[in-house]
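Here is how the chains run, residue by residue.
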Amino acid sequence: MAAKLKKFFKKSWPAKKFEKKLLGKVFLKDDRELLLSAYEKKENQYILIEPDNADTVKKLNKLIPGIKKNSGALGIGKIASLAVVVISFTVFTVFFQNPLAEKAMEKGLEKIFRAESEVTGLRLSLFGGFIRYKSMQVADRDNPDRNLFQTGEAVIDLDMSEVLKGKFAANEIKLEDFAIGEKRAVRAKAIKGAVKKEKPASGAASSDVIKEAASAITKLPDNLIPDRETVKKVIIEKADQLSAPKEAEKIASELKSGAENIKAGVEKTESDIKNLEKDVNEIMASKLSSKLDLAGARKLADRIKSASKRISSITNTVESSQKEIEKLRKTAADGKKNIEKAVSNDIEYIISLFPGKGSFSVSSLAQPLVKEKLDPFMQKYGKAYEIIIKIKESGDKKKDGAAPAAAETRRGRDVRYAVYGSPSLHIRKVSGSFFTGENRHSLEIKDITNNQELAGKPLVFLIKSSLDNIKTEADGFFDTRKSAADFSGITVAVTGGKISNLSFLAPAGIDKLSADMDISASTAISADKDFTGSAGISLEKFRMNTTSQTGRIISGIIEKENKIDFEAKYSLSKGDFSLKIKSSLDNLIAKAVSPEKIAAEVKSFAADELAEVLKEKAGIQAEADAQIAELGKKIGTLEKSIKDQKKELDSKLKSLPIKF
Amino acid sequence: MILKWIINSFAALNANNRPGEIASAIALGITLAMIPAGNLTWVLLLALTFFLKINFGVEMIVIALFKPMASLADPLFDAVGYKILTAGTLESFYTKLYNTPLVPYTGFNNTAVAGSIIVMGVLFVPLWIACRKLIALYRAKLRDRFLSSSIVKKIAALPIVSKAAMLFSKANKLRNFRG
């Protein structure tokens, strides 16, 4: 079959169009001549002359792809392909990306953990640098009723405008409600290939370490100030050295024997007076037969004289008894004075056994912690803080504005320009929360950066926690802006922190401890990576229940104070950690344990305890006193009785007819 | 791949390809060879050539040929680039560019990159015109004699060349040769 010219070659072309669309696309001289030979120019038209030569037709047809290909400067096909790719990608992003990414994440988790995994609400934006999911749970393959771990909402939101400058910047990184071992709502399905693995033995629980550390710091010295029991014990032990009990015993003995002697005398006097009274009554009853009965009168007079003599004798005895009683009273009075003096001397002696400390340092309480815990800890893990130094140093190096690594070339020189205030690492907000049992702990940190000077902000943090019953609510900051180059002035502050119910302090004799606290600290790190610094801790609303005496004293002091300030100086040099604490508590406790205060406390206890010891002796003494008083009274009565009888006898004697 | 580019270039030069297409490939190839690679400018410029109707094979061959010569021009590029990048009046503009996302990856702050862009920017159009003229001249004056030369015929007849040409579906262009 003869070749036929393709329809591409129209029968007539306007001259301009022919020259542009056909002739203008043919660049080889022979091809141009071939094309021109197929057309005849008439006026402004090119008219096709059908070639009868098959070879010419074939050659003309072969020109068509070249003519088509030479039209336009842009590769329309390639651009269209790109457009198709872009549209496909957009469609994929809008309709399929998130569900597919969710599935892929679940599959990935299941492959890693060999257990059913669920991810919900995943949203991914590759160009926006954003990924978020609402929840994630991974079952425990050994226990399908529980989760290995689960989380609530998680967000990673990168700041792409900074990332595209070669920096790592994130607006937010968040992980909420992370929990381990929670019970699942629905039992997990088994995953193929899941093999049980023996769980490695876990190390010592962190709470044990805390307990040990707390125990070390809270070994409160118990001899700062004596209590009543201690004083009593000492009084019993030192009884031989005490003079008051001996003096009291001596006085009681003297009074007792004196009173008994007087009592015996008084009883004899009473008997004598009774006999005398009988005689006096008889005398008073006897009558003379007549006034002339002189013999009878003489006889009566003799009887009266005899009775009077006896009265004199009894009166002398009574007077003697009275003198004895006076003497005894004086002995009692002197005895009391002597006992008081002895008690006073004894108290002085007891006080001398309890000398006051006169000084106190909280630092001494912290030394066991430093020696037993902090030193080994810092030697083992102390260098961990150098990670922060390295991050910061990386920020300092880029501070002057180096070009991103990708732009580095071996040819030419890089001209450096100032970098607008944005550090190469800046995470504007990191937040998260996790559960330990029923307790939820949350942490929020703002502006994590390797160059706070460029960021123009310090790191700010907010912590809410109730780990091991330490309820902490603290917000603070970590500021290195003033020492961007050398770490010479790092400051940290925590305000509004709360601690309460430190149950792990129980072994140290502290049942409960709670306080609001503010902390501020500044640290300088040397070129050798050692550091020195000081911290101020201010505690308010302090409450402490303790079973130790010193603890009670401290508790009594601090609970009266509105605010207790601590100043700590710490340093790390060649792995040795040093901590020295000064506190307003030192002065308060020093006052509480001063010699004067101790003396007053001991005096009070000793006086009470001595009074208890002297009580028995004092009873005897009081008994003797009462006996003396009674005897005095009786003697007074006897004296009166004697006087009355003497008076009666005298009147009888006068009535006699004879004079003597 | 290189053989493919060579054949492609040879075919393009001698077939009914637009001289501007080959001239653009040569000019862009020289430009890409002169600009230091490993930065976003170079990658973007290369990517741009994918969407232009230019001869990729020619471009690649030109890049390969001129790349070793680029370092010879570096003193010129460095001087021009340094002058431009340190021009006081433009410093704030460069600082702004430097702080713009992605731009630092273009390596614009490198004297060789900036200098080569400026120099090649200035030279591009004259180069393109010259190439176009040379191609037209070649096709008018030399092409027939060149293609009919015994050397070319022998080379074209080599089994490896014809096999490669077949493989790359470019043999039809070779068949257009006359003589």
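Residues numbered from 1 in each chain as written. Chains lettered and ligands numbered in written order. Predicted model: local features only at pLDDT ≥ 70, side-chain atom pairs only at ≥ 80, totals over all residues.

1. So, the overall build of chain B
Keep this limit in mind: Strands here are runs of E lasting at least two residues and helices are runs of H or I lasting at least four, both read from the DSSP assignment and numbered beginning at the N terminus. Three exposure classes are used, all based on how many other C-beta atoms lie within 10 Å of a residue's own C-beta (placed from the backbone): buried at 20 or more, exposed at 12 or fewer, and partly exposed between those limits. Contact between two residues is assigned when their C-beta atoms, built from the backbone, lie within 7 Å.
A count of helices and strands for chain B gives 9 helices and 0 strands. Along the chain direction, N to C, the helices and strands of chain B fall in the order α-α-α-α-α-α-α-α-α. Within chain B, the proportion of its 179 residues that are buried is 39%. Taking contacts inside chain B between residues at least 6 apart in sequence as the whole, the part at least 24 apart equals 84%.

2. Some points on the overall build of chain A
Broken down by element type, chain A carries 15 helices and 19 strands. Across the 660 residues that make up chain A, the buried fraction comes to 24%. Within chain A, contacts between residues separated by at least 24 positions form 68% of all contacts whose residues are at least 6 apart in sequence.

3. Focus on the pairing of strand 10 (residues 168-180) of chain A
All names here are of chain A. Our working definition: In this analysis, strands are considered paired if DSSP registers two or more bridges between them.
Examined bridge by bridge, strand 8 (residues 143-151) and strand 10 share 2 bridges and lie antiparallel to one another. Pairing of Phe-149 across the sheet is with Ile-180, part of strand 10. Two elements, strand 9 (residues 154-158) and strand 10, share 5 bridges in a ladder whose sense is antiparallel. In the strand pairing of strand 10, Ile-156 is matched with Ile-173. Where strand 10 lies against strand 11 (residues 425-436), 7 bridges are found, and the strand directions are parallel. The residue of strand 11 that forms the bridge with Phe-168 is Leu-425.

4. Thoughts on the sheet that holds strand 1 (residues 12-14) of chain A
All names here are of chain A. Heads up, the rule is: Only the stretch in contact is used when a helix axis is fitted, and all axes are lines through C-alpha atoms; the angle between N-to-C directions ranges over 0 to 180 degrees.
An order of 1-3-2 is seen for the 3 strands of this open sheet, with the pairing classed as antiparallel. What marks the edges here is a single partner per strand, and that holds for strand 1 and strand 2 (39-42). Direction aside, the axes of adjacent strands within the sheet are offset by 25° on average. Set on the sheet, helix 1 (residues 15-22) makes contact with strand 1, strand 2 and strand 3 (45-48); between it and strand 1 the angle comes to about 95°.

5. Considerations on the confidence of the model for chain B
Residue and element names in this part refer to chain B. Stated formally: Scored from 0 to 100, pLDDT records how confident the predictor is in each individual residue.
Across chain B, the average pLDDT comes to 84, with 90% of residues at or above 70. For the stretch residues 170-179, pLDDT sits under 50, and the model shows 21 contacts to residues farther than four places along the chain or on other chains. Across the whole predicted complex the pTM is 0.53, and at the interface the ipTM reaches 0.77.

6. Focus on the pairing of strand 4 (residues 117-120) of chain A
Residue and element names in this part refer to chain A. What you see with strand 4 is a clean split: Ser-117 and Val-119 sit on the buried side and Glu-118 and Thr-120 on the side with no burial. Judged from the 4 bridges that link them, strand 4 and strand 7 (residues 135-140) form a sheet pairing that is antiparallel. Residue pairing across strands places Val-119 opposite Met-136, the latter belonging to strand 7.

7. What about the interface of chain B and chain A?
Here is the rule: All residues other than Ala, Val, Leu, Ile, Met, Phe, Trp, Tyr, Cys, Pro, Asp, Glu, Lys and Arg, Gly among them, are scored as polar; the first ten of these are nonpolar and the last four charged.
On the chain A side, the residues contacting the 36 residues of chain B number 32 residues. Among the elements of the structure, helix 3 (40-51), helix 4 (56-85), helix 5 (91-98) and helix 6 (111-147) of chain B are those that each provide at least two residues to the side of chain B that touches chain A. Looking at side-chain class alone, the side of chain B that touches chain A contains 17 nonpolar, 13 polar and 6 charged residues.

8. Side note on the nonpolar core
So the rule is basically this: Structurally, a nonpolar core is described as a collection of buried Ala, Val, Leu, Ile, Met, Phe, Trp, Tyr and Cys residues joined by way of C-beta atoms within 7 Å.
A:Ala244 and A:Ala606 are the most contacted members of the largest nonpolar core, which has 55 residues in total. Contributions of two or more residues to this core are made by helix 7 (228-237), helix 8 (244-285), helix 9 (294-353), strand 17 (531-546), helix 13 (549-560), strand 18 (563-573), helix 14 (584-592) and helix 15 (595-654) of chain A. Excluding residues within four positions of it along the chain, A:Ala606 makes contact with A:Val231, A:Ile235, A:Ile347 and A:Ile350. Counting 39 residues, the second-largest nonpolar core is a separate cluster that includes B:Leu32, B:Tyr98, B:Phe108 and B:Ile117.

9. Side note on helix 3 of chain B
Residue and element names in this part refer to chain B. Heads up, the condition is: By definition here, a helix of n residues has an expected span of 1.5 Å times n minus one. Read the arc as the range of directions from the helix axis to the C-beta atoms.
Helix length check: helix 3, at 12 residues, gives a terminal C-alpha distance of 17 Å against a target of 16 Å (1.5 Å per residue), a fit within 8%. Among the residues making up helix 3, those that are buried are Thr-41, Trp-42 and Thr-49. Buried residues along helix 3 cover an arc of 100° about the axis, so they all sit on one side. Facing away from the buried side of helix 3 by over 90 degrees, the exposed positions are Leu-44 and Ala-47. Those residues of helix 3 that are buried lie in contact with helix 2 (19-34), helix 4 and helix 6.

10. Details of unusual backbone geometry
Residues and elements named next belong to chain A. Residue Glu-43 is not a glycine yet carries a positive backbone phi of 50°. Of note, Glu-43 is situated in the loop between strand 2 and strand 3. Residue Glu-43 is classed as exposed on the basis of its 6 C-beta neighbours within 10 Å. Of note, the phi angle at Asp-447 is positive, near 60°, even though the residue is not glycine. When the 20 C-beta atoms within 10 Å are taken as the criterion, Asp-447 is described as buried.

11. Comments concerning the confidence of the model for chain A
Residue and element names in this part refer to chain A. Considering every residue of chain A, the mean pLDDT works out to 79; 84% of them sit at 70 or more. Averaged pLDDT values over the elements of chain A bottom out at 50 in helix 6 (residues 206-217) and peak at 95 in strand 9. Contacts for the low-pLDDT stretch residues 216-220, under 50 throughout, to residues beyond four places or in other chains number 18 contacts.

12. Remarks on the packing of helix 9 of chain A against helix 15 of chain A
All names here are of chain A. Selection rule: An angle below 35 degrees is read as roughly parallel, one above 145 as roughly antiparallel, one from 65 to 115 as roughly perpendicular, and any other as oblique.
Across the interface, helix 9 lies against helix 15 with an axial gap of 9 Å and an inter-helix angle of 170°. Accordingly, the angle class assigned to the pair helix 9 and helix 15 is roughly antiparallel. Grouping the amino acids of the contact of helix 9 with helix 15 by side-chain chemistry returns 27 nonpolar, 7 polar and 7 charged.

13. Observations concerning the environment of B:Phe146
Position of B:Phe146 relative to the elements: it lies in helix 6. Taking the C-alpha atoms as reference points, B:Phe146 and B:Asn14, separated by 132 residues in sequence, lie 9.6 Å from one another.

14. Points about the packing of helix 2 of chain B against helix 3 of chain B
Residue and element names in this part refer to chain B. Stated formally: In a left-handed crossing the near helix is turned counterclockwise from the far helix by less than a right angle, and in a right-handed crossing that turn is clockwise.
The N-to-C vectors of helix 2 and helix 3 enclose an angle of 165°; their axes lie 10 Å apart at closest approach. For the element pair helix 2 / helix 3, the angle class is roughly antiparallel. Classified by chirality, the crossing of helix 3 by helix 2 is left-handed. For the pair helix 2 and helix 3, the contacting residues are Leu-28, Thr-31 and Leu-32 in the first and Trp-42, Leu-45, Leu-46 and Thr-49 in the second. Looking at the contact of helix 2 with helix 3 residue by residue, the classes come out as 5 nonpolar, 2 polar and no charged.

15. A word on the environment of A:Thr317
Residue and element names in this part refer to chain A. Relative to the helices and strands, Thr-317 resides in helix 9. With 19 C-beta atoms packed within 10 Å, Thr-317 lands in the partly exposed category. Remark: the alpha-carbon pair of Thr-317 and Glu-639, spanning 322 residues in sequence, is separated by 9.9 Å. Thr-317 has contacts with Gly-265 and Thr-269, leaving out every residue within four places of it along the chain.

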